[in-house]
Amino acid sequence: MRTAKITALAAAVMMMTVSTGNEAIAQQIGVVGLFKIDPGAATNVDQQKISDLGCQTRRAGAIVGEQGDIDVKRPNHFIFLACEHSLLSAAAKREVLSGLIPEGEVLAFLEGALTDNPDNDSSSAATDREYILKISHYNNRDTDRREQDLERIMQAVEPDPDRFIDESFIAVNRSMGMPTPDEVVILFYESPERADRFRKNNRDILRDVGAFNKAHLNDFIYYSGKIVR
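Residues numbered from 1 in each chain as written. Predicted model: local features only at pLDDT ≥ 70, side-chain atom pairs only at ≥ 80, totals over all residues. Heavy atoms only, no water.

*Asks:* It is not clear to me how the pattern of salt bridges should be interpreted in this structure. Could you clarify?
*Replies:* For side chains bearing opposite charge, pairing can occur when the charged atoms are close. For the structure on display, the rule yields 13 salt bridges. The partner of K73 in a salt bridge is E105, with the nearest N and O atoms 3.1 Å apart. Of this pair, K73 sits in the loop between β2 (55-69) and β3 (77-83) while E105 sits in strand β4 (residues 104-116), and the two are 32 residues apart along the sequence. Residue R129 pairs with E167 through a salt bridge whose shortest N-O separation is 3.7 Å. Taken together, the residues span a long stretch of sequence, with R129 in the loop between β4 and β5 (130-138) and E167 in strand β6 (residues 165-176) at a distance of 38 residues. A relative accessible area of 7% places R129 in the buried class. With relative accessibility at 11%, the residue E167 sits in the buried group. Linked by salt bridges that have partners in common, R145, D149, R152 and D208 make up one network. (Salt bridge = Lys/Arg side-chain N within 4 Å of Asp/Glu carboxyl O. Helix = DSSP H or I, 4+ residues; strand = E, 2+ residues; numbered from the N terminus. Buried < 20%, exposed > 50% of the residue type's maximum accessible area, 1.4 Å probe, protein only.)

*Asks:* Where do I start with the sheet that holds β4 in this structure?
*Replies:* Within a sheet, each strand pairs with its neighbour through backbone hydrogen bonds, oriented either parallel or antiparallel. Reading around the circumference, β1-β3-β2-β8-β5-β7-β6-β4 is the order of the eight strands in this closed barrel, with antiparallel pairing throughout. Within the sheet, the average angular offset between the axes of one strand and its neighbour, ignoring direction, is 35°. Here β2 runs beside strand β8 (residues 217-227); their pairing, made up of eight bridges, is antiparallel. Considered in β8, the bridge of I63 is made with G225. The sheet contacts of helix α5 (residues 192-201) involve β5 and β7 (183-189), and relative to β5 the element is tilted by about 50°. (Pairing = 2+ DSSP bridges. Axes fitted to C-alpha atoms, helices over the stretch in contact; angles between N-to-C directions. Contact = heavy atoms within 4.5 Å.)

*Asks:* Is there a simple way to explain the pairing of β3 in this structure?
*Replies:* Most of β3 is tucked away, with seven of its seven residues classed as buried. Burial of β3 is two-sided: the residues H77, I79, L81 and C83 facing one way and the residues F78, F80 and A82 facing the other way are all buried. In terms of strand pairing, strand β1 (residues 29-37) meets β3 through seven bridges, oriented antiparallel. In the sheet register, F35 faces β3, and the bridge partner there is H77. As defined by bridge partners, β2 adjoins β3 across seven bridges and the pair is classed as antiparallel. In the sheet register, C55 faces β3, and the bridge partner there is C83.

*Asks:* Quick question: what am I supposed to make of the environment of T143 here?
*Replies:* Inspection of the secondary structure puts T143 in helix α4 (residues 143-157). Placed 73 residues apart in sequence, T143 and H216 show a C-alpha to C-alpha distance of 8.2 Å.

*Asks:* Can you help me understand the packing of α4 against helix α6 (residues 203-216) in this one?
*Replies:* A pair of packed helices is characterised by two quantities: the angle between their axes and the separation of those axes. Interaxial distance between α4 and α6 falls to 11 Å at its minimum, and their mutual angle equals 165°. One element, α4, and the other, α6, form an angle in the roughly antiparallel class. As α4 packs across α6, the resulting crossing turns out to be left-handed. Contacts between α4 and α6 involve R145, R146, D149, L150, R152, I153, A156 and V157 on the former and, on the latter, I205, D208, V209, F212 and H216. (Parallel < 35°, antiparallel > 145°, perpendicular 65-115°, else oblique. Left-handed = near helix turned anticlockwise from the far one by under 90°.)

*Asks:* What is the right way to look at the state of the cysteines in this model?
*Replies:* Defined simply, a disulfide is a covalent bond joining two cysteines at their sulfur atoms. Scanning all chains against the criterion turns up one disulfide. Two residues, C55 and C83, share a disulfide whose sulfurs are 2.1 Å apart. One disulfide, between C55 and C83, carries an S-S torsion of 110° and so falls in the right-handed class. One end of the pair, C55, is in strand β2; the other, C83, is in strand β3, with 28 residues separating them in the sequence. Its relative accessible area of 0% is what places C83 among the buried residues. (Disulfide = S-S within 2.5 Å.)

*Asks:* Could you clarify how one ought to interpret the packing of aromatic side chains in this entry?
*Replies:* Each pair of aromatic rings is reported with the distance of its centres and the angle of its planes. For the coordinates displayed, the defined rule picks out five aromatic pairs. Note on F35 and F109: the rings are 5.7 Å apart at their centroids and 85° apart in plane angle, and the pair reads as edge-to-face. A residue pair is termed long-range when its members are at least 10 positions apart, and F35 in strand β1 and F109 in strand β4 qualify at 74 residues. In this pair, the class of F35 matches that of F109, namely buried. Residues Y138 and F212 carry aromatic rings whose centres are separated by 6.5 Å and whose planes lie at 85° to one another, so their mutual orientation is edge-to-face. Separated by 74 residues along the polypeptide, Y138 in strand β5 and F212 in helix α6 bring together distant segments of the chain. Across the pair, F212 and Y138 agree in class, each one buried. Its guanidinium or amino end placed over the ring of F188, R129 lies 4.0 Å from that ring's centre, counting from NZ or CZ. (Phe/Tyr/Trp six-rings, centres within 6.5 Å; stacked < 30°, edge-to-face > 60°. Lys NZ or Arg CZ within 6 Å of the ring centre and 35° of its normal.)

Here's what the structure looks like:
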C-alpha cells in the first residue's frame, strides 16, 4: 500500500477532474476504459452488462483535458470498474466491453490488480472533488532512484492540508487498444480551490514532479474531466 501511495504522488499535481462517489467493494481487478463519443450522442453506460461481467462502476464521466501522450486518440469519456475477474483475458468479455457505451467508440481498455486506499477518510462530497487519472509507462532505468525521488516528493507534500488523496491504484498487466502501461492512478483533491492553492503554493514540487516524469517515464498522460458517477 505504501508503494501505491508514493506512486500516486507523481500524478497528483499536474491535472484535474471532478467526481461523484460510489462505495468501495471487494473486487480485486481494476479496469479503465477510454472512449470517443460524438458531441450530442448519448453517454449512458450499460450497467446491466457491467453487472453481468461481475463488476461495479467506480467512476464514469467526460474527459475535458489531458496532458502528456500515450499514443492513443484523444478520448472524451472514461469508465473505471472494479471487477471480480479478468475481462481482457477472454474474447467474449472483450466483446462485451466494446458495447458498454453503445454510442461510444472504444479507444483503449486497461486492466490489472486493484489496490484501494483504506486510509481514505475524506468527508467531502465526491461531486465537490477534483479528480485525476494518470497512466504511466516506466523506463525502469534506475528503479532505486525512482523510489527515492518519489519518497522525497511525498515527504514534501505530506504536511500540506491541500494535498491530494489517493483513491485507487491499478498495476496494469493487460491492455486493449494501446501498449500496456505499468499503472493507472486515481486520486483527488478535496475541491478545485484546494487543488489551485496546492499548485500555487508548491511550484518547487511541480518542478520536481516534472523532473521525475522526464527521468523515469517513457510516456505518461494525465486526464481530467467531469465525473458523473
